[in-house]
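Each chain, letter by letter, is given below.
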Amino acid sequence: MHCAVILYLPGYAVWFGRYCVHAKCSVCFCRGQEERKDGREPVVLLEVGSSLIPGLVQVPCQQRSMSLFKAREWWSATLGDGDEFDQGCLCVGDVDNSGSGQDKIVVGSYMGLLRVFSPRPSKPGGTLEPEEQLLEVQLRDPVIQVEVGKFVSCSDLLHLAVLHPRKLSVCAIAATAGNVEHGIQYQLRLVYEHNLQRIACNMTYGPFGGVTGHHFICIQSMDGMLMFFEQESYVFGRLLPGFLLPGPLSYCARTDTFITVSSTRQVESYKYQTLAVATDADTRKESEQQKVGSGKRLVADWTLMIGEQALDICIPSFNHSASTIFVLGERNLYCLKDNGQILFMKKLEYNPSCFLPYASVSEGTTNSLVGNHNNMLLVYQDVTLKWAAQLSHVPVAIRVANFQDLKGVVVTLSSEGQLQCSYLGTDPALYQAPKVEAREINYEEMDSEMKELQKIIKETSKVQDILPKADKEDDLTITPSISINMDTVSQAAISEIGGLTVPSITVKIKAKSRVTVLNPKLTVCVQPPLAVTREQFVLDSMGPGSSILVVFSAFLNGEYPPADLGGDVAVSYNTPTELNPAGVPRVAQCQFSLPLRLVSYPASPSKNANYKITIDTNKPPVNLSEIFPDLVEKSDEEHVNALGLQLIAGSRVTLLASKTSQRYRIQSEAFEDLWLVTKDLVRRFEKHFAKHGIRDYRCSFTGPIPLLEYFETVDRHFELRVNAEKYQDLLAERAVQFRAIQRRLLTRFKDKTPAPLQNLDTLMEGTYRQVVALADATEENRAALCQAFTRLRSATHLIILLIGLWQNLGKDQTAILESTLLPLLQDTPQLGWEESVDAAVSHLLRTCLSRSSKDQALNLTTSQLSMPKDTSRLKKHITLLCDRIGKGGRLSLSAESNAQTPIVMPGGCEPIPESDLEEGAADQESVATFPKQRHLTRKKGRQDPTEKTGEDSRTVPEDG
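Residues numbered from 1 in each chain as written. Predicted model: local features only at pLDDT ≥ 70, side-chain atom pairs only at ≥ 80, totals over all residues. Heavy atoms only, no water.

Q: Tell me what's going on with the overall build of the protein chain, and back it up with residues and numbers.
A: Across its full length, the protein chain holds 10 helices and 48 strands. Pairs at least 24 apart in sequence give 61% of the contacts found in the protein chain among residues at least 6 apart. (Helix = DSSP H or I, 4+ residues; strand = E, 2+ residues; numbered from the N terminus. Contact = heavy atoms within 4.5 Å.)

Following this line, the structure appears as structure tokens:
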């Protein structure tokens, strides 16, 4: 017995071969000699009382279908070559008024071709018969949309409305009986047309205002005007408020409203009566006096924010007691009531292309056909997926039609012109699976195999990695290499900064492929003020074992030092497979680090500096010429214990090494300039001692943490953010004033009776100068804010490094601290550094760094982050964070309690009461109190007690 299932949308009883699907009882019967003789019930293929296409239940037969989820082609045609179609280019209906109940397919194209088809059943892949194409007319203008309705006032017959960019044509398709074998001839006759003053986008039709027996037409233009036509007459036009880009448009007959989705990504409803009495868009004047009494302001009846652009809007007309509005978004399907309330929403896991709601057998539900860009046609009953079928093309328009006693045929049209009529079902398969030979079961082998599998499952369940593990060998390997020497000819965009020549360095990226790589594209990213000569490279496809070398130069492109000397390289490419010859998209990444020599020059050490930090090691002092061979100038001294570096866009940084102790001092006139040298010093120490095989090397910082100096950098950055808001407010006020003066001047100039300007021209010129001056000041403040944020990042990096050395934090805790204090790569007007860091630090203080279990509760605020009034609360939280870490607090992402040891590290922050966490702003002087120690001082006009006088004034003593 072979089982086959044929499903049609309206659900009529249809025989296919020896099988019948009945919509009422939803039971499949067999006739003839194939009736069942075992007395059992017939094979149930559809659930009783379910949708017309509810999905297929398991069929108890030996031969099962191998093409279960393919749309079965009933009729198809290919329309032209190189033509283009969209969702408005397809409609179905009895356009020739034959009265037979058989629909015709009307297709218009952007090339101006109008075609009418009357499909007949044909074999899949068969050619189009001549009598199936009723009409083909070449029009002068492109066809945007076609609709069938009662558009002629003196006739109750159906007519065809064709929308062109600048014209609306209403035509009649007349049939002339032929006396020869060619049969009936069809002609397109123009009834009337309207020339449009604006470029049309789409249209909708319906009984506007409750009229019966006729349809009116509403056209939406590209600039947001709704133009209304009552058959042969133009009625009025209205401009939509706040319009930017046109969206889909539909008419709801039950509430007499028009539904659209604006560019603000919200659904808007306008009543026809409101549109009729609103201000006329054609006669609206600019002056305030003429606006009085000219009509009411156009306001939406209701709005609903959906947060995405809409592809189409459809309002089914099969239920007259209540109307529902279906909106197809880019990622969601919405069903709304006619008052704007959401009935349900379905999140789609694909990119939809078109949809069509239709009637359902189940009361209170609606079915929807949704096409997507994966050549799939899906059937939903409300939010439940009932059927999925594979199409041969991507549909852009979908309709349901009735042909020759065959109801519910799905008509789809692609953008390339593939027109297809199909049904949803299965075909019987002739393949029969071979019988499996019985074999004896070895229970011991099965038991051992089961134990091994359980062991593998247990080990796999312990791994909590979200991302899958990478292969042992990547398909594309990227290897960076940095040149040892600077470029002979600098490639920098700025030749000099502060009298110093800006150098550049060559970076080489080698990409080696293990397999075939298609369309590789390489992107280089460095943080400003660093820049590269070229950021993007389009490479040729690579075969297995081939390699490509990419060369570019990096340089400093700003008058301030960078916060990071690293760069990222990403290569996007495709790897072909058997199922996808075009290739599967993949990405390979690598990082590179630029040398300190790129942003600095060797200079003589300075004796005095405002900012100093001291780094301790557990190994004997090292000659600085061995640590910095590329930055130490050649001299006769064998042991160098002082090194000076002049940052190209910053201050001079001096590095001092003690001859007797294991201490190293870094000092500079700018606090943030200490970061790059300190980071490079710690990195070179690790590399130096690892090269000599020393494993117990340890670098430390004995404190205190320089928070007061750090907070000065925070205040400078926050002050510029406050100035940016002030400039924006002033600029908005002056812009409003400038437009008001312009309107008054325009009114004076349009007045037929000359009147004095009353110094309005002088006021306008002065306001213009203020606007220009404020715009320049805003741009200067924006550039200063960018520099201040980079300096703040440098200072924050330095604080993180010092805290890590102070408490010997591991990589995980350092990463948490870095993500807490550096959550942003750049400032934005919506979200700044201060509020982001305050929220992150508060979270740590309430979770892993809390002192009691009461504070362990995740009492996180859900309010929107906004710019604070000052930085006092942020300073207090950062100080409390350092105090908790100094007393043994452990950073972790879990909310479990961490036992804090009551050991106070040397130079730690003084205890701050727990209530300070919830207190408001306080004075800056009460933020932190640190004991005065010799390791970090800010000297202004007095001798540092840790320095010696005499010849060896640059050495750091072993003991204070």
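Q: Can you lay out the nonpolar core for me, pointing to particular residues and giving the numbers?
A: Judged by nonpolar contacts, the single largest core of 102 residues is most densely connected at Leu522, Phe552, Leu594, Ile666, Tyr710, Leu817 and Trp833. For this core, the leading source of residues is helix H7 (residues 760-807), giving 11 residues. (Core = buried A, V, L, I, M, F, W, Y, C linked by side-chain atoms within 4.5 Å. Buried < 20%, exposed > 50% of the residue type's maximum accessible area, 1.4 Å probe, protein only.)

Q: So what's going on with the sheet that holds strand S8 (residues 113-117)? Which residues, and what values?
A: Here we have 4 strands laid out as an open sheet, ordered S6-S7-S8-S9, and antiparallel in their pairing. The open sheet is flanked by strand S6 (90-93) and strand S9 (133-138), the only strands paired with a single partner. Strand-to-strand twist across the sheet, computed as the mean angle between neighbouring axes with direction ignored, equals 15°. Both S8 and S9 contribute to a ladder of 5 bridges, which runs antiparallel. Paired with Leu113 across the bridge in S9 is Gln138. (Pairing = 2+ DSSP bridges. Axes fitted to C-alpha atoms, helices over the stretch in contact; angles between N-to-C directions.)

Q: Now, about the packing of aromatic side chains: what can you tell me, with residues and values included?
A: Enumeration according to the criterion identifies 25 aromatic pairs in this entry. Considering the side-chain rings of Trp74 and Phe403, the 5.8 Å spacing of their centres and the 10° angle between planes classify their relative orientation as stacked. Here the residue Trp74 occupies a position in strand S5 (residues 70-78), and Phe403 occupies one in strand S30 (residues 395-403), the gap between them amounting to 329 residues. Accessibility assignment for this pair places Trp74 and Phe403 in one class, buried. Considering the side-chain rings of Trp75 and Phe117, the 5.7 Å spacing of their centres and the 55° angle between planes classify their relative orientation as tilted. Taken together, the positions of Trp75 in strand S5 and Phe117 in strand S8 put the pair 42 residues apart, joining distant regions of the chain. We note that Trp75, like Phe117, is buried. (Phe/Tyr/Trp six-rings, centres within 6.5 Å; stacked < 30°, edge-to-face > 60°.)

Q: Any details on empty space enclosed by the protein? Residues and values, ideally.
A: Tallied over the full model, the rule gives 6 cavities of 30 Å³ or more. In this model, the largest cavity occupies a volume close to 70 Å³. What lines the largest cavity is a set of 14 residues, among which Leu240, Phe243, Leu245, Ser262 and Ser263 lie closest to the centre. (1 Å grid on protein atoms, 1.4 Å probe; cavity = no way out; pocket = protein on both sides within 12 Å on 5 of 7 lines; lining within 4 Å. Points joined across faces, edges and corners; volume = space filled by probe spheres on them.)

Q: Explain the side chain of Lys104 residue by residue, including any values.
A: Take Lys104: it is sitting in strand S7 (residues 104-108). Residue classification places Lys104 among the buried positions, given a relative accessible area of 4%. Polar side-chain contacts of Lys104 include one of 3.5 Å to the side chain of Asp94. Not counting chain neighbours up to four residues away, the residues in contact with Lys104 comprise Cys91, Val92, Gly93, Asp94, Val95, Asp96, Ser98, Val116, Phe117, Ser118 and Leu134. (Polar contact = N/O pair within 3.5 Å; in protein donor to acceptor, adjacent residues only side chain to side chain.)

Q: Summarise a nonpolar patch on the surface; cite the residues concerned and give the values.
A: A surface patch of nonpolar side chains, about 370 Å² in accessible area, is lined by Ile441, Tyr443 and Met446. Structurally, Tyr443 can be placed in helix H3 (residues 443-462). (Patch = residues over 30% accessible without salt bridge, like charges linked within 9 Å, V, L, I, M, F, W, Y side chains within 5 Å. Areas by Shrake-Rupley, 256 points an atom, 1.4 Å probe, with all protein chains shown as cover. Salt bridge = Lys/Arg side-chain N within 4 Å of Asp/Glu carboxyl O.)

Q: Lay out the pattern of salt bridges in plain terms, naming residues and giving numbers.
A: This model, assessed by the stated rule, comprises 26 salt bridges. Among the salt bridges present, the one from Arg198 reaches Asp223, with a minimum N-O distance of 2.2 Å. One end of the pair, Arg198, is in the loop between strand S13 (185-195) and strand S14 (200-206); the other, Asp223, is in the loop between strand S15 (216-221) and strand S16 (225-230), and 25 residues separate them in sequence. Close ionic contact of Glu672 with Arg716 constitutes a salt bridge, the shortest N to O distance being 3.7 Å. Separated by 44 residues along the polypeptide, Glu672 in the loop between strand S47 (663-668) and helix H5 (674-691) and Arg716 in helix H6 (residues 707-750) bring together distant segments of the chain. A residue is classified by how much of its surface remains accessible, and Glu672, at 8% relative accessible area, is buried. Sharing partners across several salt bridges, the network here consists of Asp94, Asp96 and Lys104.

Q: A description of the environment of Ser819 should follow, citing residues and the corresponding values.
A: Mapped onto the elements, Ser819 comes out in helix H8 (residues 811-821). In sequence terms Ser819 and Val837 are 18 residues apart; their C-alpha atoms lie 9.1 Å from each other. Only 2.8 Å separates the side chain of Ser819 from the backbone oxygen of Ile816, close enough to count as a polar contact.

Q: So, the packing of H5 against H7: which residues are in play, and what are the values?
A: Between H5 and H7, the least distance of the axes is 8 Å, while the angle of their chain directions is 40°. Seen along the crossing, H5 lies across H7 with a hand that is left-handed. Between H5 and H7, the contacting residues are Leu674, Trp675, Thr678, Lys679 and Val682 on the first element and Ser794, His797, Leu798, Leu801 and Leu805 on the second. In the contact of H5 with H7, the residues fall into 6 nonpolar, 3 polar and 1 charged. (Left-handed = near helix turned anticlockwise from the far one by under 90°. Nonpolar A, V, L, I, M, F, W, Y, C, P; charged D, E, K, R; others polar.)

Q: How would you summarise the layout of surface pockets if you had to cite specific residues and measurements?
A: Considered as a void within the structure, the second largest pocket measures approximately 1,600 Å³ in volume. If you go around the second largest pocket, you meet 43 residues; those closest to its centre are Lys679, Asp680, Val682, Arg683 and Arg684. Secondary structure elements with two or more residues in the lining of the second largest pocket: helix H4 (624-627), H5, H7 and H8. Residue classes in the lining of the second largest pocket are distributed as 20 nonpolar, 9 polar and 14 charged.

Q: Tell me about the packing of H6 against H7, residues and numbers included.
A: Close contact between H6 and H7 brings their axes to 8 Å; oriented N to C, the two are set at 160°. Between H6 and H7, the angle falls in the class roughly antiparallel. Viewed along their axes, H6 and H7 form a crossing whose handedness is left-handed. Of the residues in the contact of H6 with H7, the class split is 26 nonpolar, 11 polar and 6 charged. (Parallel < 35°, antiparallel > 145°, perpendicular 65-115°, else oblique.)

Q: Describe the pairing of strand S26 (residues 352-359), listing the residues and the values that go with them.
A: Burial analysis of S26 places 7 of its 8 residues in the buried class, the great majority of the element. Taking the residues between adjacent antiparallel strands as the criterion, S26 and strand S27 (residues 366-372) are bridged by 6 residues, where Gly364 takes a positive phi near 85°.

Q: Can you lay out the environment of Arg534 for me, pointing to particular residues and giving the numbers?
A: Summarising the element assignment, Arg534 is placed in the loop between strand S38 (530-532) and strand S39 (536-538). When near neighbours in sequence (up to four residues on either side) are disregarded, Arg534 contacts Val524 and Phe552.

Q: An account of the sheet that holds strand S11 (residues 159-163) is needed here, citing residue identities and associated values.
A: Taken together, 4 strands build an open sheet; the order of strands is S10-S11-S12-S13 and the sheet is antiparallel. Unpaired on one side and paired on the other, strand S10 (145-149) and S13 mark the two borders of the sheet. Neighbour to neighbour, the strand axes of the sheet diverge by 25° on average, direction disregarded. Looking at chain direction, strand S12 (residues 167-176) and S13 are connected through 10 bridges and run antiparallel.

Q: Go over H5 with me, naming the residues and quoting the values.
A: Compared with an ideal rise of 1.5 Å per residue, which puts 18 residues at 26 Å, H5 spans 26 Å between its outermost C-alpha atoms and is within 8% of the ideal. For H5, the complete set of buried residues consists of Leu674, Trp675, Leu676, Val677, Thr678, Asp680, Leu681, Val682, Arg684, Phe685, His688 and Phe689. Once H5 ends, the next one or two residues include Gly693, with phi positive near 75°. (Expected span 1.5 Å × (residues − 1).)

Q: Before we move on, could you go through the pairing of strand S44 (residues 611-617) and cite the residues and values that matter?
A: Across the 7 residues that make up S44, a large majority, 7, are buried. Bridge analysis of S44 against S47 gives 6 bridges, and the strand direction is antiparallel. By the bridge assignment for S47, Asp616 is matched with Arg663. As paired strands, S44 and strand S48 (residues 699-700) are joined by 2 bridges and run antiparallel to one another. Bridged to Thr617 within S48 is Cys699.

Q: Run through the confidence of the model for the protein chain, naming residues and quoting values.
A: Looking at the protein chain as a whole, the pLDDT averages 79, with 78% of positions reaching at least 70. With pLDDT under 50 throughout, residues 464-469 is counted as low confidence; its partners more than four residues away or in other chains account for 0 contacts. (pLDDT = per-residue confidence, 0-100.)

Q: Let's hear about unusual backbone geometry: which residues, and what values?
A: Residue Pro529 is bonded to the preceding Pro528 through a cis peptide linkage, with omega at 10°. With respect to the helices, strands and loops of the structure, Pro529 is situated in the loop between strand S37 (518-526) and S38. Even without being glycine, Gln231 reaches a positive phi, approximately 55°. Relative to the assigned elements, Gln231 resides in the loop between S16 and strand S17 (233-239). Residue Gln231 is classed as buried on the basis of its relative accessible area of 8%. The backbone of Asp256 shows a phi angle near 55°, a positive value even though the residue is not glycine. What makes Asp256 buried here is its relative accessible area of 18%.

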